[in-house]
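Notes for the structure review
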Amino acid sequence: MNTLRKLIGRRIRSIRKKKGLTQEKLADKAQLTQQYLGAVERGTRNISMDSLERIISALEVDFDELLKLKDMTNSLISEDEQDKLFILTIHNQLLKPRSVQEIKAIHRVTEEIIKIIQAN
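Residues numbered from 1 in each chain as written. Predicted model: local features only at pLDDT ≥ 70, side-chain atom pairs only at ≥ 80, totals over all residues. Heavy atoms only, no water.

1. Thoughts on the nonpolar core
- Counting residues in hydrophobic clusters, the biggest one holds 18 residues, and the most contacted among them are Ile12, Leu26, Leu37, Leu52, Ile55, Leu59 and Leu66.
- Where this core is concerned, the elements lending two or more residues are α1 (3-18), α2 (23-30), α3 (34-42) and α4 (49-59).
- Considering every element that reaches this core, the biggest residue donor is α4, with 5 residues. (Core = buried A, V, L, I, M, F, W, Y, C linked by side-chain atoms within 4.5 Å. Buried < 20%, exposed > 50% of the residue type's maximum accessible area, 1.4 Å probe, protein only. Helix = DSSP H or I, 4+ residues; strand = E, 2+ residues; numbered from the N terminus.)

2. With respect to the pattern of salt bridges
- According to the stated counting rule, one finds 5 salt bridges in the structure shown.
- Among the ionic pairs, Arg13 bridges to Glu41, the shortest N-O distance being 3.3 Å. Note that Arg13 is positioned in helix α1 and Glu41 in helix α3, a separation of 28 residues in sequence. Both residues of the pair, Arg13 and Glu41, belong to the buried class.
- Salt bridges linked by common partners bring Arg13, Arg16 and Glu41 together as one network. (Salt bridge = Lys/Arg side-chain N within 4 Å of Asp/Glu carboxyl O.)

3. Description of a nonpolar patch on the surface
- On the surface, Val109, Ile113 and Ile117 cluster together to form a nonpolar patch covering roughly 290 Å² of accessible area.
- You can see Ile117 is positioned in helix α8 (residues 100-119).
- With a relative accessible area of 58%, Ile117 lands in the exposed category. (Patch = residues over 30% accessible without salt bridge, like charges linked within 9 Å, V, L, I, M, F, W, Y side chains within 5 Å. Areas by Shrake-Rupley, 256 points an atom, 1.4 Å probe, with all protein chains shown as cover.)

4. Concerning the packing of α2 against α4
- One can describe the packing of α2 onto α4 by two numbers: an axis separation of 8 Å at closest approach and a directional angle of 115°. When the axis of α2 is compared with that of α4, the two are roughly perpendicular. Crossing handedness for the pair α2 and α4: right-handed. Contacts between α2 and α4 involve Leu26, Lys29 and Ala30 from the former and Arg54, Ile55, Ala58 and Leu59 from the latter.
- By residue class, the composition of the contact of α2 with α4 is 5 nonpolar, no polar and 2 charged. (Axes fitted to C-alpha atoms, helices over the stretch in contact; angles between N-to-C directions. Parallel < 35°, antiparallel > 145°, perpendicular 65-115°, else oblique. Left-handed = near helix turned anticlockwise from the far one by under 90°. Contact = heavy atoms within 4.5 Å. Nonpolar A, V, L, I, M, F, W, Y, C, P; charged D, E, K, R; others polar.)

Set out below in structure tokens:
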């Protein structure tokens, strides 16, 4: 499964763009090839821990900043991402800290919404 790889890649791209860096500039700062960085951002290439550490350093962020789930979800949604795996992964992460009772309530609401959508 490459969902995590894609999420991390999209987050790297989002931070890079916010900092006004091109792929070429970030790759140079991280001592990686532009082709490798592009593949990492697309989620088509496995990233080594060493390369991830170089990218984090080149972006001048810490590991926690890179993996902020809220920012990952905003980035995906604002880019109008329609891939079900991304959205389901995000949904799963949002539900994990909730109690069983809260999850059951959310599930009931979700079922009702689906019924309404199917009726239309």
